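Listed here are the chains, written in short residue letters.
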Amino acid sequence: MTAAQFINILYNLVDRMYIGRIPGEGRLALTGLGLCLPVISILIGFANLCGSGGSPLCSIYRGRGERERAQKVLGNSFALLLLFGVGLTAVCLVFQRPILYLFGASDVTYPYAADYMSIYVLGTVFVMIGLGMNPFINAQGFGAIGMGTVALGAVLNIVLDPVFIFGLGLGVRGAALATVLSQGASAVWVLRFLTGRRTELRLTPGGLALEGPLVRRILGLGSSGFAMSMTNSLVQVLCNATLKVWGGDLYVGVMTVINSIREAITMPITGITQGCQPVLGYNYGAGRGDRVRQGIRFTAAIGMLYSVAVWILTLAVPGALIRIFNNEAELLDAGIPAFRIYFATFAFMAFQFIGQAVFVALGRSKNAVFFSLLRKAFIVAPLTLLLPFCFGLGVNGVFLAEPISNVLGGLACILTMYVTVYRKLPAGG
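Quick caveat, the model's predicted, so the values are computed rather than measured.

Caption draft 1: Structural detail: the pattern of salt bridges. The tally for this structure, following the rule as stated, stands at 8 salt bridges. Residue Lys-72 is joined to Glu-211 by a salt bridge in which the shortest nitrogen-to-oxygen separation is 3.9 Å. In this pair, Lys-72 is assigned in helix α4 (residues 67-94) and Glu-211 in the loop between α9 (172-194) and α10 (212-246), connecting sequence segments 139 residues apart. For Lys-72, a relative accessible area of 14% gives the class buried. Put simply, Arg-375 and Glu-402 hold a salt bridge, and the shortest N to O gap is 3.2 Å. Here Arg-375 is found in helix α16 (residues 365-386), whereas its partner Glu-402 is found in helix α17 (residues 395-420), with 27 residues between them in sequence. For Glu-402, a relative accessible area of 2% corresponds to the buried category. In this structure, a network of salt bridges that share partners links the residues Arg-27, Glu-328 and Glu-330.

Caption draft 2: The arrangement of unusual backbone geometry in detail. Phi at Phe-391 is positive, roughly 55°, even though this residue is not glycine. Among the structural elements, Phe-391 can be located in the loop between α16 and α17. By relative accessible area, which is 82% here, Phe-391 ends up exposed.

Caption draft 3: Looking closely at the packing of helix α11 (residues 249-285) against helix α15 (residues 349-361). One way to put it is that α11 packs onto α15 with a least axis distance of 9 Å and a crossing angle of 25°. Taken as axis vectors, α11 and α15 run roughly parallel relative to one another. For the pair α11 and α15, the sense of crossing is right-handed. Counting all contacts with α11, which are made through Thr-266, Ile-269, Thr-270, Thr-273, Cys-276, Gln-277, Leu-280 and Gly-281, the residues of α15 involved are Met-349, Ala-350, Phe-353, Ile-354, Ala-357, Val-358, Val-360 and Ala-361. Here the contact of α11 with α15 is built from residues that sort into 11 nonpolar, 5 polar and no charged.

Caption draft 4: Seen up close, the layout of surface pockets. Taken as a whole, the largest pocket encloses approximately 240 Å³ of empty space. If you trace the largest pocket, you find it lined by Ile-272, Gly-275, Cys-276, Val-279, Leu-280, Asn-283, Arg-291, Gln-294, Gly-295, Phe-298, Thr-299 and Ile-302. Among the secondary structure elements, those contributing two or more residues to the lining of the largest pocket are α11 and α12 (289-316). Across the lining of the largest pocket, the residue classes tally to 6 nonpolar, 5 polar and 1 charged.

Caption draft 5: Representation of a nonpolar patch on the surface in the model. A contiguous nonpolar patch, built from Val-91, Val-94 and Phe-95 and spanning about 280 Å² of accessible area, is present on the exposed surface. Within the element layout of this structure, Val-91 appears in helix α4.

Caption draft 6: Summary view of the nonpolar core. Of all hydrophobic cores here, the largest spans 120 residues; its most connected members are Tyr-116, Met-133, Ile-258 and Phe-399. Apart from the residues within four sequence positions on either side, Ile-258 is in contact with Ala-338, Phe-339, Tyr-342, Phe-343 and Phe-399.

Caption draft 7: Looking closely at empty space enclosed by the protein. Enumeration over the complete set of coordinates arrives at 2 cavities of 30 Å³ or more. The computed volume of the second largest cavity comes to approximately 100 Å³. What lines the second largest cavity is a set of 14 residues, and nearest its centre among them are Val-235, Cys-239, Asn-259, Tyr-342 and Lys-376. Counting only elements with at least two residues in the lining of the second largest cavity, the list comes to α10, α11, α16 and α17. Top contributing element to the lining of the second largest cavity by residue count: α10, with 4 residues. Partitioned by chemical class, the residues of the lining of the second largest cavity number 7 nonpolar, 4 polar and 3 charged.

Calculation notes
Residues numbered from 1 in each chain as written. Predicted model: local features only at pLDDT ≥ 70, side-chain atom pairs only at ≥ 80, totals over all residues. Heavy atoms only, no water. Salt bridge = Lys/Arg side-chain N within 4 Å of Asp/Glu carboxyl O. Helix = DSSP H or I, 4+ residues; strand = E, 2+ residues; numbered from the N terminus. Buried < 20%, exposed > 50% of the residue type's maximum accessible area, 1.4 Å probe, protein only. Axes fitted to C-alpha atoms, helices over the stretch in contact; angles between N-to-C directions. Parallel < 35°, antiparallel > 145°, perpendicular 65-115°, else oblique. Left-handed = near helix turned anticlockwise from the far one by under 90°. Contact = heavy atoms within 4.5 Å. Nonpolar A, V, L, I, M, F, W, Y, C, P; charged D, E, K, R; others polar. 1 Å grid on protein atoms, 1.4 Å probe; cavity = no way out; pocket = protein on both sides within 12 Å on 5 of 7 lines; lining within 4 Å. Points joined across faces, edges and corners; volume = space filled by probe spheres on them. Patch = residues over 30% accessible without salt bridge, like charges linked within 9 Å, V, L, I, M, F, W, Y side chains within 5 Å. Areas by Shrake-Rupley, 256 points an atom, 1.4 Å probe, with all protein chains shown as cover. Core = buried A, V, L, I, M, F, W, Y, C linked by side-chain atoms within 4.5 Å.

This is the structure:
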């Protein structure tokens, strides 16, 4: 799952890497794409709502030996994903212009953002199926198949991007088209497996009929991942809008690069924490508290080792990371100081991921949702608006909000999980 998450991020990273090198307009095109990131976060949030909510519930039912209920969770999650996909496509197409201006577009960057978004949202149903149903493959122990889902899409996107962007001269629209086709291929891969004979839990028409209590449990458990994506989107909107006021389009471009790097370096730890959820959920359902404790310790150790290593690397070579996307001197001069501020306490973010993963795996949705909202909605968002006015910080205040939230939110989450969950689990088998 860690490899799958790392491959998955290539979808958007490859788009940004190629778009940033469009001759004569790379930086503005990259900034325009950055304005679409909140929309992408929202779509991913709805996919997580069903995928991250349904798959741990599946694991709990499987651990109890209730196979029919587990299969019903699979079908209900798929039905919800289809409904969300169709509804979100319509909303994004109808309200595209006001959404992008609300998210920080200017008259200069709007055309690039609109070119990308108008095509990207046509693949929303593919995003729902590919991202939302893949956790059900992983939850049944088919990690290689789950990795294949994202590998297929990522490789296809890497191949198609230069063809459409440069070969056919489609620019930003070519990047969006390549992404949609790649996501479509991943969705077909997922559906073929979940309707085939190898899988233990199969997607059937009979499981699609929604059951109220089951839907509430799926959405309840998925609300943590959903809240995290929604608050990420909120923070991206606030950052873009605030940076537009204090620094202009240049700093919106800097934030686009920062978000790209953040996604890349957090995806492995997301894979680690998502990978632990079916294991923790299964053993929790089977009453094996000792194995749940062992899983939590292992996840925490691996997560922290990775976070510290990548934290040091990010602070050491910010210029090299920025050049992956664009090498204009103006972007580098503004971006390097911003990088060092934004990633100053990156290692503390691992505490948030670990704590929330445990809460979700064990069905404690209220705790997971609370800490999702605490870090982003209650710490980052207000600080993003207030810090630029303090001590003459300006744009630096926007970038400073993230490291403060990593420390406060991360420590609060991991300590609460330790006291309320880990210490109360039985140590023996």
